Amino acid sequence: MRGADASPACRAVPGLLPWQFPFCALLLGLLALRFPWPALAGLVLLWALAGERPWRRAALLGAAFALGWGLAARALPAGPDPQRVPEWMAERRVALVSGRVERVESTAGRQLRVFLADARFALDDGPSGALPGLFLWTWQEPAAWPHPGQSVQVRLRVRPVRGFANPGAWDTRFHWGRQGVFYRGFTRGGGGHPLLGPEAPGPGARLRQELRAAVAASAPEGPGRALLEALVLGERFGVAREAYDTVRRSTLAHSLALSGMHLGFAAALGLGLAWVAGRLWPGLLLRVARPRLGVVLGAPLVGAYVWLGGATPSLLRAGVMFAAWGALLLLGRGRVLLDGLFLALAVLVAVDPLVVHDVRLQLSAVAVAGIAVLGPPLWRLVPGRAVARGAGPAAWAARGGRALAGVLVASVAANVALLPLLVWNFTETGLALPLNALWLPVLGLAVVPAGLAGALLSLAPGLEGAGRWLFAADAALLDAAVAALAALDARGWLPVAVPMRPLWPHLVGYYALLAGGAALVRSRGGAALGVCLAGALLVAWPGLWARATGQDRALALTLLDVGQSQAALLDLPGGGRVLVDGGGGFPGGLDPGRAVVLPALARGRWPGLDVMILSHPDHDHYGGLAAVAGGVRVGAFVHGGRWPEGEAGAALRAALGEDGVPVRTVRAGQALELGHGVVLEVLHPADQEGPGSNNDQSLVLRLVWRGRPLALLPGDVERAGIDRLLATGRDLRAEVLVVPHHGSANSLCPGLYSRVAPRLALAGTGFLNYLGFPAEGVRAALAGAGAALYDTGRCGAVRVSWADPQAPARLETALGCRGTAVMP
C-alpha cells in the first residue's frame, strides 16, 4: 500500500514509493563508477521527477548518489596495474598453472570457462608465484568436465584480461575485473596436458552429472539435444555456432540464456497447479487465496530450476526477484511487479554493489520495469480483453486469445524498454519479433514443463525411463523448431538490421521520454512534461553538437583494434565513410566484422559505407568484410584484382551480390574521388595479375585532402613489393604511415620511411601477439626516421583527425597511450 505522504509527483510515476527515489539515485551512483556523465544526467532528471521541496530532495538524492559511487569504488577489486605486464607474460612463456575450481560455465561451441581460485604459476626455469584474484581458464573441446572444489594443473600461456579496445565498445577488462578476474589462459582438447585432481564431486555436482548423462542417453546428438541441455541445465556447451546464429537471427536467443523469464515459466506452473487444486478442492481457496497458493506451489519449482540451471549468478539474481515478488504477494500487496523489482535490487546491491554493472541484470531489470510501466497502457489498447465466462469452446478460445495477447503486450513492452540497451550491447537486432509470440508459449507450456518433469523423474528411482521419454520428446520438439527456423532463414525471412548504436545522451534521453511519458499518462504534471522535453533535447544533442563544433566537416582515420589483423575506417567531410579491410582471425573463430567493425560503424550514427576496399586477399584483412557487407549499405566494393578463396570469399561474394553492390578493380595511377576534395590515390600494384605473393600485390593507397597528403595505407606489402613501389619514383609523402604488414620485419624498409617522412606511424597488432609485431627493428627504424609509433595491441584503437585541410592533426587512442597529444 502507498504511503500517505507520497507527493503528487511521486504518484505520477507508476509504482514508485518515496524511498525508491533515493534508491534510484544510489543505483545511478553505482553506475557512475564507469558511466559518470550518463549517471549525472539521470540524477538531474530523477530530481526533476521527485516532486515537491526540490532543494531538500536534491540534498537527499545527491547524498544517495555519492553513497552509491563510494560503495562501488570500495567494492571494485584492486587488481594489478594493466600497464605493467610481467616480463614472462610479455615473452609469452608457458607456465604450469594450478588452482582449485571455483565454478564452471559452458558456452556455445563446446567450450568451458573454468574459474580457478588460489591460482599459482610456475615457470620451467624456477620462478613461481601467486596469480591474484580468480584465474579464467578457457578450455575448448575439453577432455573432461571439472567440478567445483577439484584441483587442477594445466600448462598454458597466461595473459592479462583485455579484449578489443575501441571507443564506445564492450569493456572486457572492467567486466572481468569487477568479478576479480585479472588473468586468463586458453587450451584446446588435451593441449597443455590438463590434470584434474582426485577430489570427488559434491552431491549437487554428482546429480548434475547424472542429469547430463540422462539427457545424452535420451536423444541423439544434434541441435535439439543441445538446446535441451541449455534450457534445462543452463549448459550451452553443445550448441553449435551455426545453430546459435540461426536462433539469434530469429530474435529468440534470449530464451537460451536461463533468466527470470524461465523462472517465470516455473512460477506460472505453480499458478497452474493452484488453479488445478482449486478446481479439485474448491474449499482450499477459501483458506488460501489462489495467488498465495500459487506462490507456495511455485516456490519449490523455481528453486529446483535455479539448481538445475547451475545456480549461476544470473539465475540466483532472478531467484531473488521472484522471492521478492512472492513475499509481497504473501503479504497481500497489489501491483507487486515494480515494487518487487526494487526490493530485489536492494537485496542484490546490499550483497554486491557492482552487480548493477552486469548486463544480464540490467536487461532483466529494464525488461521488468518496461512491462510494469508500459504494459498497462498497452493492454488498454487490446480489443476484447474482457475475461471470458463459461466453459464452452468459445470461452476457452477467448481465454487463449487473451493469454496470447498478454504475451504479445508483455513482449512489446519489454522490447520497447530494452531497445537501446540491446542495440548498444549487441549492435545487430533481429526483425522477426512476432516469432516470440509463437515460441514463448511453446517454451512456457511444453518445453520447460517437460524439461523440469523429465529432470525430476530421471532422478527418481524406477522412473528414469519416463524422465528420458520426456527428454526425448522435448529434444524432438526442439529439433523441429530449429529446422523450421533454418527453413525461414534459408528463405530470407529472418532479417537482421544494424541500427544506430546510441551514445549516452541518446540512452538517457530515450529513458527520460519513456519515464516522462508514463508520468504524463498518470497525471499532467509540469515536472513530467519537463522531463519529456529534456529527453527530447538529449536525443537531439549529439547531432546538434557535431554541427556546432564542425565535426561533420572534419576528416579522420581510425585504425580499429581488431586483434592481430587490420581494419581502417575513414570518416569523410560531409558524413561519408570508407572502410579499408575488415580485420580477420583464425577461420571459425570470432568474427571481427560483427564484433568490432559493425559496432564502430553504428556508434552514434546510422551505419553505412560509401566504399569498402580490400587491400589483398589474406584472411586477417578480409575475414570481417562479409559480416559488414551483409549488415550495412555499401556503395561500392574496390579491390586490387585478387579475390579471397574458400568459404569466407564465397560469403563475401554472396553478401555483396545480394544487394547488387558494384565491384571495381583498381591499379596504380588511378584514384578514388571521395568528395569534398578528398582523394585516395592508388600507388601500387601497377599490374593486377603481376608476380608476387598476395602481400606484395597489396593495394597501396595515399589519402590526400585538397592537395595535402595525409596518410599512406600500404596493406601487407613486403620488401619485393616495396622495392617496386620505390622504383616508380611516385610521391609517397604523408603525415601518417600505416606500417606495412602490421610492423613485420619482412616489411622493414628505412628507404620507405624516408620517402614517406611520416610524423606518426600506426600499426594494427594484437595484444601480446604471438608474432611479436611490431618487430624491434621496425620500431628502431621508425624512431630513427622521427615517427612516433602507436600500435593497437598497446594503445587500442588509434584515431587521427584533421578539422580542415590546413588544421593540425589530432591524435587519440582508446587506452590513452603515453605520448598522445595534439601534433604540431
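Quantities reported herein were computed from a predicted structural model and do not represent experimental measurements. (Residues numbered from 1 in each chain as written. Predicted model: local features only at pLDDT ≥ 70, side-chain atom pairs only at ≥ 80, totals over all residues. Heavy atoms only, no water.)

**Q** What should I look at first to understand the side chain of Thr558 in this one?
**A** Locating Thr558 in the fold gives a position in strand β11 (residues 555-559). A polar contact of 3.3 Å, which involves the side chain of Thr558, links it to the side chain of Arg799. When near neighbours in sequence (up to four residues on either side) are disregarded, Thr558 contacts Ala567, Ala568, Leu569, Asp571, Val798 and Arg799. (Helix = DSSP H or I, 4+ residues; strand = E, 2+ residues; numbered from the N terminus. Polar contact = N/O pair within 3.5 Å; in protein donor to acceptor, adjacent residues only side chain to side chain. Contact = heavy atoms within 4.5 Å.)

**Q** Would you mind going over the nonpolar core with me for this structure?
**A** It is characteristic of soluble globular proteins that their nonpolar side chains tend to be buried jointly. If you look at the biggest cluster of nonpolar residues, it comprises 94 residues, and the most contacted ones within it are Leu263, Tyr305 and Leu443. For Tyr305, the contacting residues outside a window of four places in its chain are Leu231, Val232, Leu258, His262, Leu263, Ala266, Leu315, Val448 and Leu452. Counting residues in each nonpolar core, the second largest holds 36 residues, with Ala568, Leu699, Val738 and Tyr790 among its members. (Core = buried A, V, L, I, M, F, W, Y, C linked by side-chain atoms within 4.5 Å. Buried < 20%, exposed > 50% of the residue type's maximum accessible area, 1.4 Å probe, protein only.)

**Q** Help me understand the sheet that holds strand β12 (residues 568-571), please; the structure alone is not making it clear to me.
**A** Remark on secondary structure: sheet strands pair via backbone hydrogen bonds, oriented parallel or antiparallel. The strand order across the open sheet built from eight strands is β16-β15-β14-β13-β12-β11-β24-β25, with neighbouring strands paired in mixed fashion. Edge positions in the sheet fall to β16 (663-665) and β25 (809-813), since each of these pairs with one other strand and no more. Along the sheet, successive strands turn relative to each other by an average axial angle of 15°, direction set aside. In this sheet, strand β14 (residues 611-614) lies alongside strand β13 (residues 577-580) in parallel orientation, the contact comprising three bridges. Within β14, the residue paired with Leu579 across the bridge is Met612. (Pairing = 2+ DSSP bridges. Axes fitted to C-alpha atoms, helices over the stretch in contact; angles between N-to-C directions.)

**Q** When you look at the packing of aromatic side chains in this model, what are you seeing that I'm missing?
**A** Within a pair of aromatic rings, the relevant descriptors are the distance that separates the centres and the angle that separates the planes. Going through the model one piece at a time under the given rule, you end up with nine aromatic pairs. Residues Phe115 and Trp176 carry aromatic rings whose centres are separated by 5.8 Å and whose planes lie at 45° to one another, so their mutual orientation is tilted. In this pair, Phe115 sits in strand β2 (residues 111-123) while Trp176 sits in helix α6 (residues 172-177), placing the two residues 61 residues apart along the sequence. The buried category is assigned to Phe115, whose relative accessible area is 0%. For the cation-ring pair, Arg212 lies above Trp145, with the distance from its terminal atom to the ring centre recorded as 4.1 Å. (Phe/Tyr/Trp six-rings, centres within 6.5 Å; stacked < 30°, edge-to-face > 60°. Lys NZ or Arg CZ within 6 Å of the ring centre and 35° of its normal.)

**Q** Teacher, can you tell me more about the sheet that holds strand β20 (residues 708-713) here?
**A** Pairing in this open sheet of seven strands is mixed, and the strands run β17-β18-β19-β20-β21-β22-β23 from one edge to the other. Across the chains shown, the open sheet's two edge strands, defined by having one partner strand only, are β17 (671-675) and β23 (788-791). In this sheet, neighbouring strand axes are inclined to one another by 20° on average, regardless of whether the strands run parallel or antiparallel. Examined bridge by bridge, β17 and strand β18 (residues 678-684) share four bridges and lie antiparallel to one another. Considered in β18, the bridge of Glu673 is made with Val679.

**Q** Help me understand the environment of Asp479, please; the structure alone is not making it clear to me.
**A** Looking at the secondary structure, you find Asp479 in helix α18 (residues 464-490). Asp479 sits in the partly exposed class, given a relative accessible area of 30%. Sequence separation of Asp479 and Leu228 is 251 residues, and the distance between their C-alpha atoms is 9.5 Å. Residue contacts for Asp479: discarding those within four places in its chain leaves Gly222, Pro223 and Gly224.

**Q** So what exactly am I meant to see when it comes to the environment of Asp620 here?
**A** Looking at the element boundaries, Asp620 is found in helix α22 (residues 619-622). Separated by 54 residues in sequence, Asp620 and Gln566 have C-alpha atoms that sit 6.6 Å apart. When sequence neighbours within four positions are dropped, the list of residues in contact with Asp620 reads Gln564, Ser565, Gln566, Gly583, Gly584, Gly585, Asp716 and His742.

**Q** Hey, could you run me through the side chain of Gln111 in this one?
**A** Of note, Gln111 is situated in strand β2. Take Gln111: its relative accessible area is 15%, and that puts it in the buried class. Filtering out sequence-adjacent residues up to four positions away, Gln111 remains in contact with Glu105, Ser106, Thr138, Trp139, Gln140, Phe186, Phe237 and Arg241.

**Q** Looking at this structure, how should I read the pattern of salt bridges?
**A** Side chains carrying opposite charge are able to pair once their charged atoms draw close together. Within the structure shown, the criterion is met by 29 salt bridges. Between Asp81 and Arg84 there is a salt bridge whose closest N-O contact spans 3.7 Å. Exposure remark for Asp81: the relative accessible area of 39% places this residue in the partly exposed category. The partner of Asp791 in a salt bridge is Arg794, and the shortest N-O contact between them spans 3.5 Å. On the basis of relative accessible area, Asp791 is assigned to the buried category, the value being 4%. A residue is classified by how much of its surface remains accessible, and Arg794, at 39% relative accessible area, is partly exposed. The network of salt bridges with shared partners includes Asp571, Arg577, Arg605, Arg799 and Glu812. (Salt bridge = Lys/Arg side-chain N within 4 Å of Asp/Glu carboxyl O.)

**Q** Would you mind showing me how to read a nonpolar patch on the surface here?
**A** Together, Trp275, Val276, Leu280 and Trp281 give the surface a local cluster of nonpolar side chains, amounting to about 440 Å² of exposed area. With respect to the helices and strands, Val276 occurs in helix α10 (residues 260-280). (Patch = residues over 30% accessible without salt bridge, like charges linked within 9 Å, V, L, I, M, F, W, Y side chains within 5 Å. Areas by Shrake-Rupley, 256 points an atom, 1.4 Å probe, with all protein chains shown as cover.)

**Q** Help me out: how do you make sense of the state of the cysteines in this one?
**A** What is meant by a disulfide is a covalent connection between two cysteines, made through their sulfur atoms. Using the criterion set out here, one finds one disulfide in the structure. Shown here is the disulfide that connects Cys795 with Cys817, its sulfur atoms set 2.2 Å apart. Looking along the S-S bond of the Cys795-Cys817 disulfide, the torsion reads about -115°, which is the left-handed sense. Linking Cys795 in helix α28 (residues 792-795) with Cys817 in the segment after β25, this pair joins segments that are 22 residues apart in sequence. (Disulfide = S-S within 2.5 Å.)

**Q** For this particular structure, what's the right way to read helix α3 (residues 36-49)?
**A** Given 3.6 residues per turn, any residue in an α-helix points the same way as the ones three and four places further on. Here α3 contains 14 residues, and its C-alpha end-to-end distance of 20 Å stays within 8% of the 20 Å for a straight helix at 1.5 Å per residue. When α3 is considered as a whole, its buried residues turn out to be Pro38, Ala39, Ala41, Gly42, Leu43, Leu45, Leu46 and Leu49. (Expected span 1.5 Å × (residues − 1).)

**Q** Please clarify how the confidence of the model for the protein chain should be interpreted in this entry.
**A** Looking at the protein chain as a whole, its pLDDT mean stands at 89, while 94% of the residues score no less than 70. Predicted confidence for residues 1-15 stays below pLDDT 50, and this span has 40 contacts to residues more than four positions away or in other chains. pLDDT under 50 marks residues 819-824. Its contacts with residues more than four places away, or in other chains, come to 13 contacts. (pLDDT = per-residue confidence, 0-100.)

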